Every structure is written in C-alpha cells, then in structure tokens.
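Residue strings, one per chain:
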Amino acid sequence: MKNFLKFAIFAVAIVILDQLTKYLTVANIELYESIPFIPGFLSLTYVRNIGAAFSAFQGQQWLFALVFVLFTGLIIWEYFKKPMGFTTFERWLIAAIYGGGLGNMIDRVRFGYVVDMIKTDFITFPVFNVADCFITCGSILLMIHLIFFNKGFWKDEKK
C-alpha cells in the first residue's frame, strides 16, 4: 500500500502540473495565438483538441472515458489482486501514463476538448500538452523496458 501511495502522489503531481499549464495557457494566450517560447524550437500555441492523438476519434468522448475507466480498473486489479511482475521503474512509468491520461480526461469532462499548447517550430508536429508528454514518454519507455530489461515479464507461468 505504501508504494501504491507514492505512485498515486506522483500521478496527482503530474495532473497538477498539467492542469496548471493548461490554466495559464487559457488565461494568457488567445485561442490559436502563438507566442515564441524558445525561438526556432518551441512556441506556446493555444489550441483545442476534440479528439485523441493527431485529433483522431473526434467527438468520441464516451470512448475516451471508457478506455480510461478500464485502465483505472486494470491498474487497481493488477496492483492489489494479481501483480504482473512489473519492476518499480515500470510502475513509475505506469503512474506517469495514468497521470497524463487523468489530466486529459479532466479536460474532456470539463470542456469536451483537451487544451494543447506546446508547438514544435523545428518540425511539423501536432500541438500537444504536458499530459501528452507523460503519456508518450511513459509509454515508449515502458515498452522499451519491458522488451529489453524485464524479460521475466514475458515468461509463460505454465513452464
């Protein structure tokens, strides 16, 4: 339970950081306005995303809610009922992914869209937010760690 609380606090900290950056964006930047942050590298650009990554699944708020509720249930079931052999590092990554997902879910419930504000100026890429960073980086690192560093995770229990 003690470790679960640490992971939960980490996820909540991510949500607070995400919601704070979104609040500051909406309060200080007009919709579709772009302000250079690191010239030639990053700009702060306020946009509203009604879909998922790259605006996929627009208008499917029920689907996002369902996936999030299922993910929440799986995390609780796995942690308390049937541990799956995740390392501590992998659990931190899962908490990061969850915190990012919760940050975006809060926007979806409150507004019907997600506030995005980080725009890359050096490449063409969709505008994203702090929650997206934790979801994406956490997911990539989790997959890499599971594939290359936690081979025991993939072993068949029947052997």
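Structure's up top.
Quick caveat, the model's predicted, so the values are computed rather than measured. (Residues numbered from 1 in each chain as written. Predicted model: local features only at pLDDT ≥ 70, side-chain atom pairs only at ≥ 80, totals over all residues. Heavy atoms only, no water.)

Let us now look at the nonpolar core. Within the largest apolar cluster, 13 residues are counted, with the highest numbers of intra-cluster contacts made by Phe86, Ile94, Tyr98, Leu142 and Leu146. Breaking this core down by element, the ones donating at least two residues are helix H2 (61-80), helix H3 (88-111) and helix H4 (130-148). No other element matches H3, which puts five residues into this core. Setting aside anything within four residues of it in sequence, one finds Leu146 in contact with Phe86, Glu90, Lys151, Phe153 and Trp154. Tyr113, Val115, Met117 and Ile118 belong to the second-largest nonpolar core, a separate cluster that totals nine residues. (Core = buried A, V, L, I, M, F, W, Y, C linked by side-chain atoms within 4.5 Å. Buried < 20%, exposed > 50% of the residue type's maximum accessible area, 1.4 Å probe, protein only. Helix = DSSP H or I, 4+ residues; strand = E, 2+ residues; numbered from the N terminus. Contact = heavy atoms within 4.5 Å.)

Turning to H4, a few remarks are in order. Helix length check: H4 (19 residues) gives 27 Å between terminal C-alpha atoms against 27 Å at 1.5 Å per residue, within 8%. If you check which residues of H4 are buried, you get Val130, Ala131, Gly138, Leu142, His145 and Leu146. End-on view of H4: buried residues confined to an arc of 105°, all on one side of the axis. Packed against the buried residues of H4 are helix H1 (2-28), H3 and strand S3 (114-120). Of the residues that open H4, the one with a side-chain oxygen 2.9 Å from the backbone nitrogen of Ala131 is Asn129. (Expected span 1.5 Å × (residues − 1). Arc of directions from axis to C-beta. Polar contact = N/O pair within 3.5 Å; in protein donor to acceptor, adjacent residues only side chain to side chain.)

This part is about the sheet that holds S3. One open sheet holds the three strands; their spatial order is S1-S2-S3, and the pairing between them is antiparallel. In this open sheet, the two edge strands, each paired with only one partner strand, are strand S1 (34-38) and S3. Across the sheet, the axes of successive neighbouring strands diverge by a mean angle of 35°, strand direction being ignored. Here S1 runs beside strand S2 (residues 42-49); their pairing, made up of four bridges, is antiparallel. Bridged to Ile38 within S2 is Leu42. (Pairing = 2+ DSSP bridges. Axes fitted to C-alpha atoms, helices over the stretch in contact; angles between N-to-C directions.)

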